[in-house]
Amino acid sequence: MAGETVLVVGGAGYIGSHTCLDLANKGYKPVVFDNFCNGHREFVKWGPAEEGDIRDRPRLDEVLAKHKPAAILHFAALIEVGESVKDPVSFYENNVIGTLTLLSAAQAAGINAFVFSSTCATYGLPQSVPLDETHRQVPINPYGRTKYIVEQALADYDQYKSLRSVVLRYFNAAGADFEGRIGEWHQPETHAIPLAIDAALGRRQGFKVFGSDYETRDGTCVRDYIHVLDLADAHVRAVEYLLKGGESVALNLGTGTGTTVRELLGAIEDVSNRPFPVEYIGRREGDSHTLVANNDKARDVLGWVPQYDLNQIIRSAWNWHAKTNQH
């Protein structure tokens, strides 16, 4: 399969750019399609870039005709949960209408291998932990609902239009390229690890923990942090699986290991050797106390096994954030 062109929609973003790196390392030609509203031109390093919006059907048709990709990886979503509550319309326009437009263009171009960047937010509040792919899907915010709607559409496209897809439900993406060429760069930043690292670097006043009275081992929320390069590897494996004729499937991407917020902050202090102020405040509405993946299905279907632990996640993230002040 090496040598094939893969269109990476949203390939200038955090996970998309690391996936381009992995594609290139494995002999593929990644072509980035991005409107650069959240992605970074500096992150396009491993193939050509085509500027455009997933809601622009003529532009999609033009790019697909030019590059003739064998598969599409779709990362181009609005992702900030709080923003989705304030402005749900933008999330539906981009995440739903944009994806349906992209799917129509893919079909017209004869592409039937599609990998979708989804989220554990489609599950909503966990009924049992760890979560496997049979867990009910009852998202509790517009972001999660837009992803769930696309998942349902992909199931219909598979059944009625023969468009095969792999849906990848991420848990907590973290870390960076170990050489520091690319990393996590959101504006504004809302993810725990970069926020805490910025606090350790003195770029922000401190770190706020939402809730210290949960029924967990130390009272703080538990999350499953997965290295972005492990996520990238899963996406490339998903492309290979589809190109070899694999059937549509939905898979969790997480380590299966939970880390509390207190444990996370302690690990960041250990790596950085820089204590920073931590303030414990009230719970945040909609937060689940524990989100941990059962990743058995991804292992079985893709042969995917996460390679990196929490210490490697934090070391790679620290290396990226310490050397760059772009954000």
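Preceding this section is the structure that the text describes.
Quick look at the structure, then.

Thresholds, definitions, all that
Residues numbered from 1 in each chain as written. Predicted model: local features only at pLDDT ≥ 70, side-chain atom pairs only at ≥ 80, totals over all residues. Heavy atoms only, no water. Helix = DSSP H or I, 4+ residues; strand = E, 2+ residues; numbered from the N terminus. Rg over C-alpha atoms; globule rule 2.2 N^0.38 Å. Contact = heavy atoms within 4.5 Å. Areas by Shrake-Rupley, 256 points an atom, 1.4 Å probe, with all protein chains shown as cover. Lys, Arg positive; Asp, Glu negative; His and termini not counted. Charge placed at Lys NZ, Arg CZ, Asp CG, Glu CD. Pairing = 2+ DSSP bridges. Axes fitted to C-alpha atoms, helices over the stretch in contact; angles between N-to-C directions. Left-handed = near helix turned anticlockwise from the far one by under 90°. Nonpolar A, V, L, I, M, F, W, Y, C, P; charged D, E, K, R; others polar. Salt bridge = Lys/Arg side-chain N within 4 Å of Asp/Glu carboxyl O. Buried < 20%, exposed > 50% of the residue type's maximum accessible area, 1.4 Å probe, protein only. Expected span 1.5 Å × (residues − 1). Bend = angle between axes of the 7 residues up to and from the residue. Phe/Tyr/Trp six-rings, centres within 6.5 Å; stacked < 30°, edge-to-face > 60°. Parallel < 35°, antiparallel > 145°, perpendicular 65-115°, else oblique.

### Focus on the overall build of the protein chain
Thought 1: For the protein chain, the helix and strand inventory stands at ten helices and 14 strands.
Thought 2: Against the globule reference of 20 Å for 327 residues, the protein chain gives a C-alpha radius of gyration of 19 Å, in line with a compact fold.
Thought 3: Taken over the C-alpha atoms alone, the protein chain extends approximately 55 × 40 × 40 Å along its principal axes.
Thought 4: Summarising the internal contacts of the protein chain: among those between residues at least 6 apart in sequence, 78% fall at separations of at least 24.
Thought 5: As presented, the protein chain carries roughly 13800 Å² of accessible surface, and 46% of it is formed by carbon and sulfur atoms.
Thought 6: Each charge class in the protein chain was averaged separately, 32 positive and 41 negative side chains, and the resulting centres sit 2 Å apart.

### Topic: the sheet that holds strand β1 (residues 5–9)
Thought 1: Strands sit in the order β3-β2-β1-β4-β5-β6-β11 across an open sheet of seven strands; the sheet is parallel. In this open sheet, the two edge strands, each paired with only one partner strand, are β3 (49–51) and β11 (249–253). Sheet twist, expressed as the average angle between the axes of neighbouring strands with direction ignored, equals 20°.
Thought 2: Looking at chain direction, β1 and strand β2 (residues 29–34) are connected through five bridges and run parallel. Residue pairing for β2: threonine 5 is matched across the bridge by lysine 29.
Thought 3: Where helix α5 (residues 142–161) meets the sheet, its contacts fall on β5 (113–119) and β6 (164–170), and the angle it forms with β5 comes to roughly 155°.

### Points about the sheet that holds strand β14 (residues 290–291)
Thought 1: Strand order in the open sheet formed by three strands is β12-β9-β14, and the pairing between neighbours is mixed. At either end of the open sheet lies a strand with only one pairing partner, and these are β12 (259–260) and β14.
Thought 2: By the bridge criterion, two bridges tie strand β9 (residues 222–223) to β12 in an arrangement that is antiparallel. Residue pairing for β12: arginine 223 is matched across the bridge by threonine 259.

### A few points about the packing of helix α1 (residues 14–25) against helix α7 (residues 228–243)
Thought 1: Across the interface, α1 lies against α7 with an axial gap of 8 Å and an inter-helix angle of 60°. The crossing of α1 and α7 is right-handed. Each of Tyr14, Ile15, His18, Thr19, Leu21, Asp22 and Leu23 in α1 lies in contact with α7, whose residues at this interface are Val228, Leu229, Leu231, Ala232, Asp233, His235 and Val236.
Thought 2: Here the residues of the contact of α1 with α7 are counted per class, giving nine nonpolar, three polar and two charged.

### Some details on the pattern of salt bridges
Thought 1: Applying the stated criterion across every chain yields a total of 15 salt bridges.
Thought 2: A salt bridge links arginine 181 to glutamate 179, with the nearest nitrogen and oxygen atoms 3.6 Å apart.
Thought 3: Residue arginine 181 is classed as partly exposed on the basis of its relative accessible area, which comes to 32%.
Thought 4: What makes glutamate 179 exposed here is its relative accessible area of 55%.
Thought 5: For the salt bridge of arginine 283 with aspartate 213, the shortest nitrogen-to-oxygen distance reads 2.9 Å. One end of the pair, arginine 283, is in the loop between β13 (278–281) and β14; the other, aspartate 213, is in the loop between β8 (207–210) and β9, and 70 residues separate them in sequence.
Thought 6: Judged by its relative accessible area of 48%, arginine 283 is partly exposed.
Thought 7: Members of the salt-bridge network, linked through shared partners, are Asp22, Lys26, Asp233 and Arg237.

### Points about helix α4 (residues 88–108)
Thought 1: Helix length check: α4 (21 residues) gives 29 Å between terminal C-alpha atoms against 30 Å at 1.5 Å per residue, within 8%.
Thought 2: A bend of about 25° at glycine 98 is the largest found in α4.
Thought 3: Within the span of α4, buried status applies to Phe91, Asn94, Asn95, Val96, Gly98, Thr99, Thr101, Leu102, Leu103, Ala105 and Ala106.
Thought 4: Taken together, the buried residues of α4 touch β1, α2 (57–67), β4 (71–74), α3 (81–86), β5 and α5.
Thought 5: Looking one or two residues past α4, glycine 110 carries a phi angle of roughly 80°, positive in sign.

### Things to note about the packing of aromatic side chains
Thought 1: Applying the stated criterion to the full structure yields three aromatic pairs.
Thought 2: Measuring from centroid to centroid gives 5.7 Å for phenylalanine 43 and tryptophan 185, while their planes differ by 65°, and the two rings are edge-to-face. In this pair, phenylalanine 43 sits in the loop between β2 and β3 while tryptophan 185 sits in the loop between β7 (172–174) and α6 (192–200), placing the two residues 142 residues apart along the sequence.
Thought 3: For tryptophan 185, a relative accessible area of 8% translates into the label buried.

### Comments concerning the packing of α6 against helix α10 (residues 310–323)
Thought 1: It is the contact of α6 with α10, at a shortest axis distance of 10 Å, that shows an interaxial angle of 55°. The angle between α6 and α10 places the two elements in the oblique class. Between α6 and α10 lies a crossing of right-handed hand. On α10, the residues touching Ile193, Pro194, Ile197, Asp198 and Ala200 of α6 are Ile313, Ile314, Ala317, Trp318 and His321.
Thought 2: Residues of the contact of α6 with α10, tallied by class, amount to eight nonpolar, one polar and one charged.

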